[in-house]
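Fold and geometry: a report
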Amino acid sequence: MTLSPVAPDCLSIASLTANCTVHRLLPFQGLNIQIWADNPQTLALLDQYYSGLTASTVRHDQPLLSVFLIDQAVNTQGMEWTPVTRHKPGPNGLKEAYRDAPEGRWIHKVRTGMVFLQTLDAPLAMGDLNRHFSQVVNFINNQFLNVQQRRGYLLGHAAAFTVDGQATAIAASSGGGKSTLMLKALEKPGVRFLSNDRILFRPQPEATVTEVLGVAKHPRVNPGTLVSSPRLASLLSPAEGERYRRMPAAQLWDVEHKHDVLIPALYGEGKAALSSKLGTLVLLDWSLSSAMPTGLSRVEIEQTPEALEGLRKSSGPFFQSDDGHFPPEQAPSCDVYARQLAGVKVFRLTGGVDFDRAIELLEAEGLLA
């Protein structure tokens, strides 16, 4: 059965969601998401994926949002879509497009054929769900991001870990090394995973602290990260590991082949946190081509807010405001980020890329002890 995603009538949508008879409750930080699916296998995959990344108990005082997952093909031919433009276009062309309709925003993932309907009260995903499972996870997590941003949290492009209830976020542009440095930090006792690529943060009005929320997504890293870690090297075949280890560092840095790093399976139970107090932000401003030693220095973002450029992140085409509208995709200014980070210590890592030396410098600042 196929459905045109552009102008389906209410009966068509209702009949599709009516087939979603199996369900699962995912307790996120500040939000419960009830997943309704028409394929039990999808729920089994979600159980496995989110284990250790969501709360262990359900808080019934939290809002409840229903999300529908429909495992069947979608006909998108002959429809008019608006391309989603990116600041840095990828090498493989258009990734997604959208069309706004009375029922919400339809979003088409061009390469996979997945289609999503973004609404405030009943978002749904359609397509080959199990084959493109990572997009299902992203869609579910987008609902969490939407709710928290409507509550005043600012979205940041950063990884993060916690030690004794204090979080350190690591910001950089894509491919800058933030995931690798975060995973290196996880090798230290007492360090817990908070987030891999997105954080949400907000100053608390009654206290001089900034709260930070992680996103329930396991790190997805490239081979360069895996071969540098004895713990993670097993995710590659022996032949792959040997081939990547022989590559020059600059060539290996550019290899794009993502692997999921499942935190509980690889680092142990209880190694992930859901939220923390944001104490420190580390900006990665280093380079493989630099001959200078790796260094760590303080940054006064009140005087140089432009240093936070790598932290800025647009909410994306899935973000929907309280009134149901979809605002233009534009990240807040660096000045807005600087104001939200008042009271947070900010450092910059400069010079050549040296993860072991970076860990030593973070330890010397007391960020891993």
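Please refer to the structure higher up on the page.
This report concerns the structure included in the present document. Just so we're clear, the structure is a prediction, and the values are computed from it rather than from any experiment.

**Here we look at the pattern of salt bridges**
Here the structure, examined in full by the defined rule, presents 15 salt bridges. One salt bridge connects Glu363 with Lys188, and the closest N-O pair in it is separated by 3.4 Å. On the criterion of sequence distance, the pair formed by Glu363 in helix H10 (residues 355-364) and Lys188 in the loop between helix H4 (178-186) and strand S12 (191-195) is long-range, its members being 175 residues apart. Taking the relative accessible area as the measure of exposure, Glu363 reaches 35% and is therefore partly exposed. For Lys188, a relative accessible area of 25% corresponds to the partly exposed category. Among the salt bridges present, the one from Arg348 reaches Asp285, with a minimum N-O distance of 3.4 Å. Of this pair, Arg348 sits in strand S19 (residues 345-352) while Asp285 sits in strand S17 (residues 275-287), and the two are 63 residues apart along the sequence. Taking relative accessible area as the criterion, Asp285 reaches 47% and is therefore assigned partly exposed.

**Focus on the pairing of strand S7 (residues 115-118)**
Burial of S7 is two-sided: the residues Val115 and Leu117 facing one way and the residues Phe116 and Gln118 facing the other way are all buried. By the bridge criterion, four bridges tie strand S6 (residues 104-109) to S7 in an arrangement that is antiparallel. For His108, the partnering residue across the bridge sits in S7 and is Val115. Connecting S6 to the antiparallel partner S7 that follows it, the hairpin turn spans five residues, and Gly113 within it adopts a positive phi of roughly 80°.

**Remarks on the packing of H4 against H10**
Where H4 contacts H10, the two axes come as close as 10 Å, and the packing angle between them is 60°. On the basis of the axis angle, H4 is oblique to H10. With respect to the hand of their crossing, H4 and H10 are arranged in right-handed fashion. Each of Thr180, Leu181, Lys184 and Ala185 in H4 lies in contact with H10, whose residues at this interface are Phe355, Asp356, Ala358, Ile359 and Leu362.

**Digging into the environment of Leu213**
Within the fold, Leu213 resides in strand S14 (residues 210-213). Remark: the alpha-carbon pair of Leu213 and Phe201, spanning 12 residues in sequence, is separated by 6.3 Å. Leaving out residues up to four positions away in the same chain, Leu213 has contacts with Gln29, Phe144, Gln148, Tyr153, Ile199, Leu200, Leu274 and Ser275.

Parameters and conventions
Residues numbered from 1 in each chain as written. Predicted model: local features only at pLDDT ≥ 70, side-chain atom pairs only at ≥ 80, totals over all residues. Heavy atoms only, no water. Salt bridge = Lys/Arg side-chain N within 4 Å of Asp/Glu carboxyl O. Helix = DSSP H or I, 4+ residues; strand = E, 2+ residues; numbered from the N terminus. Buried < 20%, exposed > 50% of the residue type's maximum accessible area, 1.4 Å probe, protein only. Pairing = 2+ DSSP bridges. Axes fitted to C-alpha atoms, helices over the stretch in contact; angles between N-to-C directions. Parallel < 35°, antiparallel > 145°, perpendicular 65-115°, else oblique. Left-handed = near helix turned anticlockwise from the far one by under 90°. Contact = heavy atoms within 4.5 Å.

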